[in-house]
Every structure is written in C-alpha cells, then in structure tokens.
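Analysis of the macromolecular model
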Protein chains: 4
Amino acid sequence: ALGIRGRFANLIFEDLSPNDVASRADIVFLALPHGVSSEFASPLLEQGKTVIDLSADFRIKDEHVYLEFYGVKHKAPELLKESVYALPELHRDEFKNRKLFACPGCYPTSILLALAPAFKSDLIDCDGIVINSLSGVSGAGKKSDLVYSFCERDSNVMPYSWPKHRHLSEIEQELVRLSGDPTTVSFTPHLLPIVRGMLSSISAKLKEGVDLGNVRDAFETSYKDEHFVSVLVDGDSPEIRHVVKTNSCQLAFALDQRTNRLQIVSVIDNLVKGASGQAVQVMNHILQLPEEEGLIC
Amino acid sequence: ALGIRGRFANLIFEDLSPNDVASRADIVFLALPHGVSSEFASPLLEQGKTVIDLSADFRIKDEHVYLEFYGVKHKAPELLKESVYALPELHRDEFKNRKLFACPGCYPTSILLALAPAFKSDLIDCDGIVINSLSGVSGAGKKSDLVYSFCERDSNVMPYSWPKHRHLSEIEQELVRLSGDPTTVSFTPHLLPIVRGMLSSISAKLKEGVDLGNVRDAFETSYKDEHFVSVLVDGDSPEIRHVVKTNSCQLAFALDQRTNRLQIVSVIDNLVKGASGQAVQVMNHILQLPEEEGLIC
Amino acid sequence: ALGIRGRFANLIFEDLSPNDVASRADIVFLALPHGVSSEFASPLLEQGKTVIDLSADFRIKDEHVYLEFYGVKHKAPELLKESVYALPELHRDEFKNRKLFACPGCYPTSILLALAPAFKSDLIDCDGIVINSLSGVSGAGKKSDLVYSFCERDSNVMPYSWPKHRHLSEIEQELVRLSGDPTTVSFTPHLLPIVRGMLSSISAKLKEGVDLGNVRDAFETSYKDEHFVSVLVDGDSPEIRHVVKTNSCQLAFALDQRTNRLQIVSVIDNLVKGASGQAVQVMNHILQLPEEEGLIC
Amino acid sequence: ALGIRGRFANLIFEDLSPNDVASRADIVFLALPHGVSSEFASPLLEQGKTVIDLSADFRIKDEHVYLEFYGVKHKAPELLKESVYALPELHRDEFKNRKLFACPGCYPTSILLALAPAFKSDLIDCDGIVINSLSGVSGAGKKSDLVYSFCERDSNVMPYSWPKHRHLSEIEQELVRLSGDPTTVSFTPHLLPIVRGMLSSISAKLKEGVDLGNVRDAFETSYKDEHFVSVLVDGDSPEIRHVVKTNSCQLAFALDQRTNRLQIVSVIDNLVKGASGQAVQVMNHILQLPEEEGLIC
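Residues numbered from 1 in each chain as written. Chains lettered and ligands numbered in written order. Predicted model: local features only at pLDDT ≥ 70, side-chain atom pairs only at ≥ 80, totals over all residues. Heavy atoms only, no water.

1. Here we look at the overall build of chain A
Looking only at helices and strands, chain A features nine helices and 11 strands. Here chain A has a C-alpha radius of gyration of 20 Å; the compact-globule value for 297 residues is 19 Å, and the two agree. Looking at chain A as a whole, 60% of its 297 residues are labelled buried. Within chain A, residue pairs in contact and separated by at least 24 positions form 67% of the contacts whose partners lie at least 6 positions apart. Element-wise, carbon and sulfur atoms account for 51% of the exposed surface of chain A, whose accessible area totals about 11,600 Å². Across chain A, the centroid of the 30 positively charged side chains sits 3 Å from that of the 40 negatively charged ones. (Helix = DSSP H or I, 4+ residues; strand = E, 2+ residues; numbered from the N terminus. Rg over C-alpha atoms; globule rule 2.2 N^0.38 Å. Buried < 20%, exposed > 50% of the residue type's maximum accessible area, 1.4 Å probe, protein only. Contact = heavy atoms within 4.5 Å. Areas by Shrake-Rupley, 256 points an atom, 1.4 Å probe, with all protein chains shown as cover. Lys, Arg positive; Asp, Glu negative; His and termini not counted. Charge placed at Lys NZ, Arg CZ, Asp CG, Glu CD.)

2. Structural notes on the relation of the copies chain B and chain A
Of the two same-sequence chains, chain B is brought onto chain A (RMSD 0.0 Å, axial shift 0.0 Å) by a rotation of 180 degrees. Considering both components of the superposition, the chain copies are consistent with a two-fold axis. Interface overlap between copies: 100% of the residues of chain B at the interface are likewise at the interface in chain A, consistent with a symmetric, same-surface contact. (Least-squares fit on C-alpha atoms with pLDDT ≥ 70 in both.)

3. Considering the interface of chain C and chain B
Listed per partner, the contact involves 17 residues of chain C and 17 residues of chain B. When the two sides are added together, the surface that chain C and chain B hide from each other amounts to roughly 1,400 Å², 76% of it contributed by carbon and sulfur. Run the count over chain C and chain B and you get two salt bridges. With a shortest N-O distance of 3.8 Å, E152 of chain C and K142 of chain B are connected by a salt bridge. Counting every contact that joins chain C to chain B gives two residue pairs in polar contact (both at pLDDT 80 or more). (Buried area = accessible area lost by both parts, 1.4 Å probe. Salt bridge = Lys/Arg side-chain N within 4 Å of Asp/Glu carboxyl O. Polar contact = N/O pair within 3.5 Å; in protein donor to acceptor, adjacent residues only side chain to side chain.)

4. Section: the side chain of T183 of chain D
Residue and element names in this part refer to chain D. Relative to the helices and strands, T183 resides in the loop between helix 7 (168–179) and strand 7 (185–191). Polar side-chain contacts of T183 include one of 3.0 Å to the side chain of S179. Reaching out from T183, the side chain makes a polar contact with the backbone oxygen of D181 at a distance of 2.9 Å.

5. As for the sheet that holds strand 1 (residues 27–30) of chain B
Residues and elements named next belong to chain B. Strands sit in the order 1-2-4-3 across an open sheet of four strands; the sheet is parallel. The open sheet has two edge strands, strand 1 and strand 3 (84–85), and neither has a second partner. As judged from the two bridges shared by strand 3 and strand 4 (residues 100–102), these two strands associate in the parallel manner. Directly across from V84, in strand 4, lies its bridge partner F101. Contacting strand 1, strand 2 (50–53) and strand 4, helix 2 (residues 37–46) runs over the sheet at an angle of about 175 degrees to strand 1. (Pairing = 2+ DSSP bridges. Axes fitted to C-alpha atoms, helices over the stretch in contact; angles between N-to-C directions.)

6. What about helix 2 of chain B?
Where helix 2 of chain B is concerned, the buried positions are S37, S38, A41, S42, L44 and L45 of chain B. At the exit of helix 2 of chain B stands G48 of chain B, carrying a positive phi of roughly 80 degrees.

7. Describing the packing of aromatic side chains
A full pass over the atoms with the stated rule returns 18 aromatic pairs over all chains. Between the aromatic rings of F95 of chain B and F101 of chain B, the centroid separation amounts to 5.3 Å while the plane-to-plane angle is 85 degrees, which identifies the pairing as edge-to-face. Side by side, F95 of chain B and F101 of chain B carry an identical accessibility label, which is buried. On the numbers, 5.3 Å between centres and 75 degrees between planes, the contact of Y107 of chain D with F187 of chain D is edge-to-face. Taken together, the residues Y107 of chain D in helix 5 (residues 106–120) and F187 of chain D in strand 7 connect sequence positions 80 residues apart. Each member of the pair, Y107 of chain D as well as F187 of chain D, is classed as buried. Positioned above the aromatic ring of F69 of chain B is the side chain of K164 of chain B, whose terminal nitrogen or guanidinium carbon lies 4.8 Å from the ring centre. (Phe/Tyr/Trp six-rings, centres within 6.5 Å; stacked < 30°, edge-to-face > 60°. Lys NZ or Arg CZ within 6 Å of the ring centre and 35° of its normal.)

What follows is the structure, given as structure tokens:
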C-alpha cells in the first residue's frame, strides 16, 4: 500500500450541522465537550433520531448539581428527564422506548460496576466509602498541555482534582439510586504513567451480619451472565493489562476481617469501556443485535 | 578511564562473619533478609557495637505478631525490648543510649509520616482509616521473577498482598503508639510501572469539632523544622518525581467537606527514605553530625 | 462472567506427540525452540501434513551455517532443501506444492522488507550496508531473567549480541538471493524499553546514476498491491505505535544527498508480523483464503 | 519544611540585561536559544567577561554553514573566530586565554567522543560513516507540544529530522578537524520513550592493515586519564541507565570481521554531558579547579 497508515487511513472527517447529521443517520453518537452536546441533541431528537451521548450533559439529572460541578448553566434542562443513564450492565431494563442515552465515562463505570452488587444486596454502609482511582494519561484527551508531556508524566504519579472531582456528581447520583439512601463518598483520582487503563480501589464497611459468602453471592448474581464483566476468583488480582483494548471490566474483592471492611478492585480500559464501548453496547441493544457485537471481550 | 562503570566500580564485596565485622567497625548497617538480621545482631551487640538494622526483625515488638505476619519464630526475642523503631522524625528522642536501631521501610515510612501529625493532635478517628499505597517495582528487590519482568509490569498496575500485607504489623503497632487507642487500618498496596518511588493516599474521618485549620497547625508544628519532610501548600499535589533520588518526603492534605474525611497524600523514594536514607540519618545522629549529612533533600 | 480473564480463558493446553498432532490436523504450526522443531517436522511431513514452522530450523539452507550460528548440528538436514523461506511478500510464488514453510522472525522481516525493493531493482551497493535495529523486550520471549526485569530495562537502552547476532545468518542468506551478489552487512540490535514493536534503520550506498525517483518507483512497484506493507509519503516517519497489534509493516526512506546514501526505516510489531502473523498469511495462502483473513492491518 | 519542594525551592529568577549580568559576574553561562546567545555575548565580552555558551551560535565557524542549517543570518559573525569549540576531552589545550566557549550539545558530544580516537590515529575511512542516535524526550526541551505528549511518545520510537538534522553542521565541522580530510556522515536521530539519556551507534570502515588491537590502543590512549569518559572492556555493552544523572560518557566498540567495519557505541545523559556538564568542566578549567569539581561521574 502507498502513503497510508493502516485501516484508519480512509476515514473521512466532515463538518456537519445537526440537520446534516439528521438527514443521514437514525442513530447518532455525540462525542462532544460538555455544553456542546446539549446543543446538538435537541434538533436531533426533534427529528426523531436516537442520540447516544458520551458527554456529561445528560448524565446528571439535577441541573443545579450540573451547575455546581461544571460551572455553567445547562442548555437543555428539559431533556434531562428524558435521558437514561446508559450503563448497560445496570440499566438496560430502562432502555426501552428511549431516544436519549447518556453513557458514563471511565471513572463512574469502574466505580459503579464495582459497588453495584454490594449496594443492591444491601451489604455495605453508605457512609465511609473511600475510592482511589488510578487513570492512564489518555483520560485527559489529546492535549498539548505541559502537564501531559512525556517528561512530566513518565516514572511519575500524582493525585489531581482532589478532593472534589467533577465526576463525583454522577457517581453519587447513581450510588444513591443503588443504595436508596443518602450517599457521599471520598474520591481521589491519580494520574498514572501509562497511556490506557484505569484501576479503582474501593473500601467500604460491611453491614453487621454480612459475611464474605454474601458478598460473593451478590457479585455472582449480578455478573454471572454478563459478557463484559468478570468476577475473578478469590486471591486473584485485577491487572490493567488484561483489559487494555477490550470492553471488559474485571473485578475482585477481599474482606479485611481485622477492620470488617470490604476492598473491591476494578480495572477497565478508559478508552473503551469508559464511554465508547458502552455506546456501542447501547446501539447494539437498540438494533436488537447481540450486545457484544463488534466489541472485544 | 578504562573498563569501569562510574564511581561505584571500586567497591569491594567481602564475605564477613559478625566477628569480622565487629573487629573493623563501631557502627554496623545490616541490610539482610528478615530472620538473618536477628542472627547477626546478637554477636555485634555483645561486642558493644551499634547496629542499624534495615530488616523487619527488630521493628515488631511482639514476637507473636512477628510469627503471625512473617510465619517464622523470632530468633532473638530478648533483643526486641532493646531496639528502637528508628523513624527519626518521630522517634529521635528515643535514640539516646540505644545500640539497636530498627529502620522502617518504605510503606511504614510513607504512611506514618502522613498520619502522625493528625494522631498526635487527636484530630482523626482511629476507626475507618483507609490506606492505598502505590509502589515502584524496585520495592520488591532485585529479582529474576517473571512477576517483575518488564513485559508483565510495563503499562500495568495491580494490587497485591491484599488485604493483609506483612507491613500492616508494624504500621498498626506504631499507629497504636501514636493514637493511644486500638487502631486497625485497611491497607492495599499496588504495583506501579515505575522503578523508584512510592505514593500513599490515606483517608481518615475527622473528629467532631476539628477543622482544616487544626489540621494545618498539626502538620506545621510537626514538620516545620524537619529537613526531609515538606508540607505542601493547599492545592498543591505531591508528585513522585519530585522526591526520586532524594531522602525527602512530601505531604499534602485536603478536607472533603461533604464526607468530613481528611485525605492525606505522601510521596517518597522507596530506595532512599524507605530504610537506607533514614539509616544514614540515624548514624549521623549517633555521631552527632547534622542529620542531613551525606543525604540529598 | 465468573472467574475468567477475557476471551483467552477457554484455551486448552495439551501435551501432544507429533503423531497425536498428525491425527488431528492437516496444517500444523510449530512454535518450538530451534532444535526441537526439526524433530517434530519429520514425522508430520511423513504423514503428509503441512508444517508451518516459526523456529530457525528450516530457514537456513546450509547446515554448516546453521552449526556456525546456532552451535549445534542440524537434526534433519535432509529437509532443508524441501523448505521454503516463507516471507509472503517476497516468496509467495514459491509456496505452491510445498509442505514445509519456515517463517522468518522479527529482525529478518523488518530488514528484508526494507531492502528488497532496492536490491531487486539493483539500486544499492551490496557493500557497506549498515543496519541498526531496535526491539521491544517481548522479542526475548517470556523469561524470568534479570536482564529482562522491569528495573533493568525501564528508561534504558543498550546494544546486545553485537557484532554477530544469530539472525545475521538468515538475513545475509536472503540478501544474497535478492542481490545475486556476495553480501555481508553490519547489524547491531538494541533493546528498547517497550514491550512490543521493532524499528530497523538501514543505510546503504546508492549505485551511480540512481536517483530518488528510481528508489520510489522500486518501493511502489514492490508494495503498491501489498495489504500489509505500506510505503509512507516523503517526509513521513514510521512510528512503532502505528503498527503495534497489527500485521503491518510501514516503510519510509530518504536520500542523504551529501553522502549519496539511502536511509530506509521500517517498523513492525515483533509479536505479529515477526513470525506469527505471516504464519497465518501462509495458512491462508494454502487454504486459498484471502491472505489478510483473520489479521489486523 | 513548609510549602517547599526540595533543594531547588529557593532559586530566584531575575530578568537581567547583559549589563546587569556583567556587573555581577566574571563568568557567565548563556543557556539561550540560538540567535539570542549571539546578542548577549558581545556586550559581555566587551566588558571583559568570560562567556560559556550552550547554544549553537558560536559552535559553527562558517557563517554560511550557520545560515544553511539554522535558516537565519548570524548576528555576530566577527566573534566566530574568537570562540573555541568547548568539548574538554578533545579541546582543552585550546582553552588558554580564551573568553568565549561554545559547548556542544548531546548529539555532537556522544558522536565526537566516540569517533575521535579512531580519527586521531587514522584508523577509519572518512567515507561511509553511518550514525544512528537515540535520544530521550528531554532533548527537545520543556514544551507543551503534542509530539512530546506522553500518549504520543510512550511505547513508541520514530526517526525525526532525517536525513539532514541541524547538528550535522557542527558534527562534520569537527570530524573534518579530527580527520584532516573531507568528511560527510549519515546521521539519523530517533526519539526514545525515555526522559533522559542518549545512545549513539556508529559504524565505520577500518582502513587496510588496521586491527582490533590498534583500535583498542587508540581508545585507551585517548581516554585512560579522562575522568568522565570510560572505555568498557570487550564484550561489555554501554547502557543508558549507567550514565543517567552523571557527566559520564561510556564507550564500547566491536569489530565485525565479516564486513571489516568497526561499531562504536556511546551513551551519555543528554541533560548533563550534553552541554551543561561540560560547561561546568570548562568553568572549572578557567578557575584552575579540578575539572570534575561539582560533577557526578
């Protein structure tokens, strides 16, 4: 082959208005900055299109929370009640007849998949949950910013956006839905010297009378039929390299009997399962295709 | 220069018995595996030598805890009451007239320096402390083990030895000394794709009535005169690269008002401040030299 | 999913003799150490099977050269004349009616694809060719050897096996076939701090009267219809990351007019196009499938 | 310590004119972009100051070559004959009574130290020299450029500025001085996924009648008394990690008898021996201090 660089060389980029898009597609993926997605979604939805959005704009149900965490007024608050928080493993039952899907990104995905089983089975306290997440540099997007330069990031780790990262808004919104109780969490994200991948390490106190068997049951019930979520055997540790370039989430947990706290660790590829991979899952669902179509496990 | 590799090329390695050593030195550094240090220390101490030990053998005061965490019976339990836990920033007042110094390694150093100010000022709960530590691969020592091969570790992170890592034994022993109360902690170590460096990210609940000013006072009082411990200004984040190849520990903290939990982050170079650097600090102290002599800050 | 790690979790490993294999397959891939492949190939070929070998055993046509470079006597020298050097882009015309295919590994592949066009069009001197190759650590195989440990390789580069690396034997054998003249080359391999990928940087003197247009013609003629070999446009530089996890080879060249030397740079993923990828190309060819079936470009 | 970051925290940066500088120092280091150094040097020299320059401005003796390679007219061509090319291991005999020192950067240093012994002893052909250099990313300076972002450089290698990199101008100027003959070389620089360090891999044809013993004699004679240049024993390979954070250059060579070409490999830390380290050597020399004062070997 001459002058080309692999299978992506023939992609054509076009500058399209929402109307241009609407005339050419039934399902539209919006991979736009927050604040811009909400402008594109309205005209598309008005023309009956299905919108799968990867921004934060339709994830947060309360426009005041959106303002608090994103610092700008929401541009289409009337759409918030129509959107569904589109993490398929937790919410695919709500997808029917919906037209606006808000796919969560990497932090919420890695955290919500890890905490959902214990919350749904009422095994852990809502109070005192501590989350440390470690992210690859690609999580920041493609930027010519000194902070993301090779010489600043190689052989280096640091926390950032602590103690109140933007994504806390949707993490807590969804945890409240899962637990049914007021839930705030401590969340500290860290930047790793790797391009792709995310690990979340979560600690929560077990409720009284709960044992490790209950925890295992909850995880197995939640995920035994899930294609993209694997629960590792006791003693096995999730590793980022095992999920890079896949749509998989791997989970493991351990009970520290001395503190009666449960430690849950999850790994995903932030560039796949964090947003784009589940956007494809959502599309497959809409089209009644197998959810794993076109995705690597 | 011919056939040599820099300034370390002239080092001479000798196979020495404790008696050989005793005849040639007044202060002896033992950098030996646990179980071996305790065999070397006795004859050296009997001959009046000062022993600065870098193993775990004399850090744990209770031989039953030693047995529980290291799986072997202690070989010189009678020496345990004579040893001092040699983290100079916390314990240099106890160094006088001592002959046996047990220098803590990287995990306890990065954690104890981070928690000591809040514990000494009674600002945080002993319950519900959650520690996530991230370590460079050199923490495992120089080993031809597949787990530490480049292809397994590059671009990868995983937790290991969780939920009950060996170093919990001394971390909790020392936290109890600091807090005066029963204290167990959740501790999850992770392996980073870097050679040197360690970051500990710690979450603890503030006691009622405590505010961020009290916390800052406690950190400043503890460390304002310390050469090797820096408390960063609010909003600054510790980075591993800023301490690599130095004996420094950098600390920062933030209060998450939504959960009333304090997040403390510390960074050190596990190959310096973790054991060998403070061994030199101890020697300087014994010789009445400035504690920072020969060390990089 | 429970207790599994992605799509490779269901692979079954069996301990099979050549006869076991022969009873269950028509085409057999041998991924065995040199010296072992030659023992397995004979019984398989006797039973009419097709053998696609990834070792060095059938690449070198002269058993004395094999002895010189591998230090052991060849175990099946009678098979050497039956085997074909299976680099599809150069030799697929010779595949017809063959049963024994010797797939070259990463160094020869990255070098031969780079030099073939100029040699076939008689554009460069056979004398004074200088090759520097840079390899990811996975090129050494999965080994618990200190040399390949993270702490020895990270942030480090060194030459190795210089000036006479084993693969020179087959590189020169094949260059002689391409040039028709005696050809020896200088070859220095280096170890990079990356897991996957290889870059070869090659310098050769242009013959008199040859210009850059002749060179471009030669490359375009050779590769314009090749699926897995791309010739970049002038001024573009091959990058390892553009071919990692693909079966592609990307090539670029530049003429240094001051020295009248041609510099050719090629990149491949040593774990794909280096041996295993072209083994699949060969199988596809045998089965009359499109050569790119099952491979990523 | 409070609010500081190690031993560099107290540095004070000032905006100074050449006259300000002249009033406060006798020896001035200029670490300025090319084109700016030449503006600063004149007023300093006029006031009798010694200037140690780290830019390209005074390295190239011929202003036409400067224009060809840097694309701008030289601003102080009258100073070119006063400056000395300040690679101490090769030119310290010329330092006496000089006031303007042009310190070479990383590429010329790693290449000239490697080639000087063979050229001075007339052992290699001036024709057909091939140089491949591999550089850490810090060689590009501190820049928020996408090309130097972590996600573009990690796990990646590529050639750049080939086939005519700017530094060829001074490399060839100095090689001509060493060889006494017209000398052009092929030079291909590559960008490595490491922060610091440089490796140059050089191939040159031995002259007739020259053997490996002559080569070893030449290297030993040149460098046996040099503090910062080490000639490794036969069979040993230079590694970047052995010189990082030092002012050392390590060299090794091997004769490929099949091609009668000599392969020379050198490693340095591009942030030390490349410019700043030898600037300190030069200052030590001027001040009649031991040349290694303040530098790590």
